[in-house]
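An overview of the molecular structure
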Amino acid sequence: MLKFFRSSANQRLVARLLSESFRKHAPSYAIAIVAMIVVAAMTAASAWIMRDITNEFVITKDPNKIYLIAAAVAAIFITKGFATYVQALFLSRAGNSIIAERQRKIYDRMLEHGIEFYHAFTSSDLIVRLTQSAQAARSVVDILVTSFVRDLFSLIGLVLVMVIQQPAMSLVAFIFGPIAIYLVNRLLKQTRRIMEKEFLSFSKIVEVMQETVFGVRIVKSFSLESGMRQRMYKAVADVEKRSNSIAALEAVTSPIMETLAGLAIAGVIVVSGFLVIQGGQTPGSIMSFITALLLAYEPAKRLARARVSLEKGMVGVRMMYDIADRPLSLVEAPDAKPLAKGPGEIRLENLNFSYRDEETVLKDLNLVFPAGQMTALVGASGGGKSTILNLIMRLYDPDSGRVLFDGEDIKYAQLQSLRDKIAYVSQDTFLFSGSVMHNIRMGRQDATDEEVVEAAKAANAHAFITAMPEGYDTLIGENGVFLSGGQRQRLSIARAMLRQSQILLLDEATSALDAESEALFRDALEHLKAGRTTIAIAHRLSTVHQANNIIVMEGGKAIEQGTHKELLKRPDGAYRKLYDFQLMP
Ligand SMILES: Nc1ncnc2c1ncn2[C@@H]1O[C@H](COP(=O)(O)OP(=O)(O)OP(=O)(O)O)[C@@H](O)[C@H]1O
Ligand SMILES: [Mg+2]
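So, here's what we can say about the structure. Just so you know, these numbers come straight off a predicted model, no measurement behind them.

1. Overview of the overall build of the protein
- The helix and strand tally for the protein stands at 19 helices and 10 strands.
- For 585 residues, the compact-globule estimate of 2.2 N^0.38 gives 25 Å, and the protein exceeds it by more than 25% at 35 Å.
- When its C-alpha atoms are laid out on the principal axes, the protein stretches across 120 × 55 × 50 Å.
- Within the protein, residue pairs in contact and separated by at least 24 positions form 80% of the contacts whose partners lie at least 6 positions apart.

Spelled out as structure tokens, the structure:
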């Protein structure tokens, strides 16, 4: 059956898809396949019985037999109808379950991947893969099962009827088969190429739509509507063009098949007419033959087309396995152990790191963040501050050197135990759609309502939350669009507060807050850092003042370290200069 595919890469993918799909849904497919075989058998039977019908009318003319034949015809069609129902039902069920399972699998795999994976694909590409690839997997399995069971068996049954009834005439009809197969094959290569492009254009549509939604403020205020419209129109036009090309390719199989079938049937009619008129053939046998030939046409046409449709689906299947087979860049060590409970000291040892090959972001960095104290990281933009936090959270692995938690290399720790120790407040706050309560609880899923309220109070968020009409049940919109910048920030602090973790990583937002918001934020941070090892990337003087120790980063190196007072004493020091520029970017 797999000879059906010309490329061996496709064969392997199909074999894999089928074995994965059948393993899970064996009972459904077994029932559907049995039903399909019944459908095929009934189709052949309906051609076979034409011989008896015709001969009865023309030769024997026995009324009792006519009842019998009529009953047989009714039985054949009723059985076929019922079997078709069973087949359709079980095939759809199994198909829908394949989609659901595929989507779960793709998403699980995506979650397993590290940050780099998400930088390698655009979000729109991933969305399209998650939705369309699962659909494609289902359609490939569907086509294979219907083509190779129902259509192939029907064809075999009908060909048997033809050969038994009229062996010589069958030869005439069969000449046309190979010609049809050859012509359809030539269409395949084109289909594959166009389909791949269509997937890409489709993810462009999603991409433009996403940017419109997330960037609506910028789009509106910079009057970018016409540019966005152009991008969208172009993407839509691309998809339209590709869909038309594919439709044209699929449609062209019809004239090819119809022409060939017409010629075959016409030839057979001429030959059979002569045979009945001149030779001693019974008209029943020829009727049965012609009926089988006519009935064979539909399954043959579908089989010929199946290759084009399969090629279409295989593009999606390939994209799905692309994701599934992409190696994970960051994995837990095989014998990973949970991190031990310790005082909470973090140490960076000879750390070198780069995101890309060409540029080093951190150079031979040695730093200690003492347990229970707050360290502020300051320095010019691009100096590597956020990168340090990324490595401490093990979102990336260092190129060389180690990150130690109380002396343990985090590379050999269970990821969950590492991340459980950390509460992170990101540079750009991210909130989930849903209610305020739901969002804060993301910090610790099993927190009680009372604990959530406590955290909100400590983060100075309780007052504005209760002032909203529905309080903690207020929906905050996609990424908190219904809230102000300062409110969003305090919610993310409440979320970190609730986590009750030993280590706090704070990447301070660079956006300026008004004096009151800043005072509320400072106060919230005071609560949050108490008793925790805190590393705060600081853009505000008020945050720096709260720190026990300050590290100035520049070009991936720590160029100064000390307390606020110590660092200010150096007249030409980097901190002194930053301070004179008010620290704020
Ligand atoms: N995902 C990434 N891929 C490639 N390069 C990156 C990536 N993230 C950051 N960089 C680069 O690494 C360097 C350090 O970036 P980092 O985000 O650590 O700076 P930062 O000190 O936090 O700056 P800022 O104060 O502006 O937030 C920059 O030159 C940046 O271009
Ligand atoms: Mg940063």
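After presenting the structure, the write-up continues.
2. Focus: unusual backbone geometry
- Positive phi, normally seen in glycine, also occurs at arginine 394, with a value near 55°.
- Here arginine 394 shows up in the loop between helix 10 (385–392) and strand 4 (400–405).
- Its 19 C-beta neighbours within 10 Å are what place arginine 394 among the partly exposed residues.

3. Brief notes about the sheet that holds strand 4
- Read from one edge to the other, the open sheet built from 4 strands follows the order 2-1-4-5, with strand pairing classed as antiparallel. Whereas interior strands pair on both sides, the edge strands pair on one side only; in this sheet they are strand 2 (362–369) and strand 5 (408–409).
- Where strand 1 (residues 346–353) lies against strand 4, 5 bridges are found, and the strand directions are antiparallel. Note that in strand 4 the partner of glutamate 349 across the bridge is arginine 402.

4. Quick look at the site of ligand 1
- What surrounds ligand 1 is the set His119, Tyr355, Arg356, Val361, Ser381, Gly382, Gly383, Gly384, Lys385, Ser386, Thr387 and Gln427.
- No other element matches the 3 residues that helix 10 contributes to the shell around ligand 1.
- Here the shell around ligand 1 is built from residues that sort into 2 nonpolar, 8 polar and 2 charged.

5. Quick notes on the packing of helix 1 (residues 8–60) against helix 2 (residues 63–112)
- The interhelical angle for the contact between helix 1 and helix 2, taken along N-to-C directions, is 160°, at an axis separation of 8 Å. Our classification of the angle between helix 1 and helix 2 gives roughly antiparallel. Seen from above, helix 1 lies across helix 2 with left-handed handedness.
- Tallied by class, residues from the contact of helix 1 with helix 2 come to 22 nonpolar, 10 polar and 7 charged.

6. Brief notes about the packing of helix 5 (residues 167–174) against helix 8 (residues 225–278)
- The N-to-C vectors of helix 5 and helix 8 enclose an angle of 155°; their axes lie 9 Å apart at closest approach. Judged on the interaxial angle alone, helix 8 and helix 5 are roughly antiparallel. Considering how the two elements wind past one another, helix 5 and helix 8 form a crossing that is right-handed. Facing helix 5, whose interface residues are Met169, Val172 and Ala173, helix 8 presents Ala264, Gly267, Val268, Val271 and Ser272.
- For the contact of helix 5 with helix 8, the residue count by class is 6 nonpolar, 2 polar and no charged.

7. Brief notes about helix 15 (residues 485–498)
- Taking 1.5 Å of rise per residue, 14 residues should cover 20 Å, and helix 15 covers 20 Å from first to last C-alpha, within 8% of that figure.
- Counting buried residues in helix 15 gives 13 out of 14 residues, a clear majority hidden from the surface.
- In the stretch just after helix 15, glutamine 500 is the one whose phi turns positive, near 50°.

8. Quick word on the sheet that holds strand 6 (residues 422–425)
- The sheet built from 6 strands is open, its strands ordered 6-7-8-3-9-10 with mixed pairing. Only two strands of the sheet have a single partner each, and these edge strands are strand 6 and strand 10 (557–562). Across the sheet, the mean angle separating the axes of adjacent strands is 15° when strand polarity is ignored.
- Here strand 3 (residues 374–379) pairs with strand 9 (residues 549–554) via 5 bridges, running parallel. Bridging across to strand 9, glycine 379 finds its partner in methionine 553.
- Each of strand 6 and strand 7 (503–507) touches helix 15; the most contacted strand, strand 6, lies at about 180° to it.

9. A few points about the pairing of strand 10
- In this structure, strand 9 lies alongside strand 10, joined through 5 bridges in antiparallel fashion. Considered in strand 10, the bridge of isoleucine 550 is made with glycine 562.
- Adjacent in sequence and paired antiparallel, strand 9 and strand 10 are bridged by 2 residues, among which glycine 555 carries a positive phi angle near 55°.

Conventions adopted
Residues numbered from 1 in each chain as written. Chains lettered and ligands numbered in written order. Predicted model: local features only at pLDDT ≥ 70, side-chain atom pairs only at ≥ 80, totals over all residues. Helix = DSSP H or I, 4+ residues; strand = E, 2+ residues; numbered from the N terminus. Rg over C-alpha atoms; globule rule 2.2 N^0.38 Å. Contact = placed C-beta atoms within 7 Å. Buried ≥ 20, exposed ≤ 12 C-beta atoms within 10 Å, placed from the backbone. Pairing = 2+ DSSP bridges. Near = placed C-beta within 6 Å. Nonpolar A, V, L, I, M, F, W, Y, C, P; charged D, E, K, R; others polar. Axes fitted to C-alpha atoms, helices over the stretch in contact; angles between N-to-C directions. Parallel < 35°, antiparallel > 145°, perpendicular 65-115°, else oblique. Left-handed = near helix turned anticlockwise from the far one by under 90°. Expected span 1.5 Å × (residues − 1).

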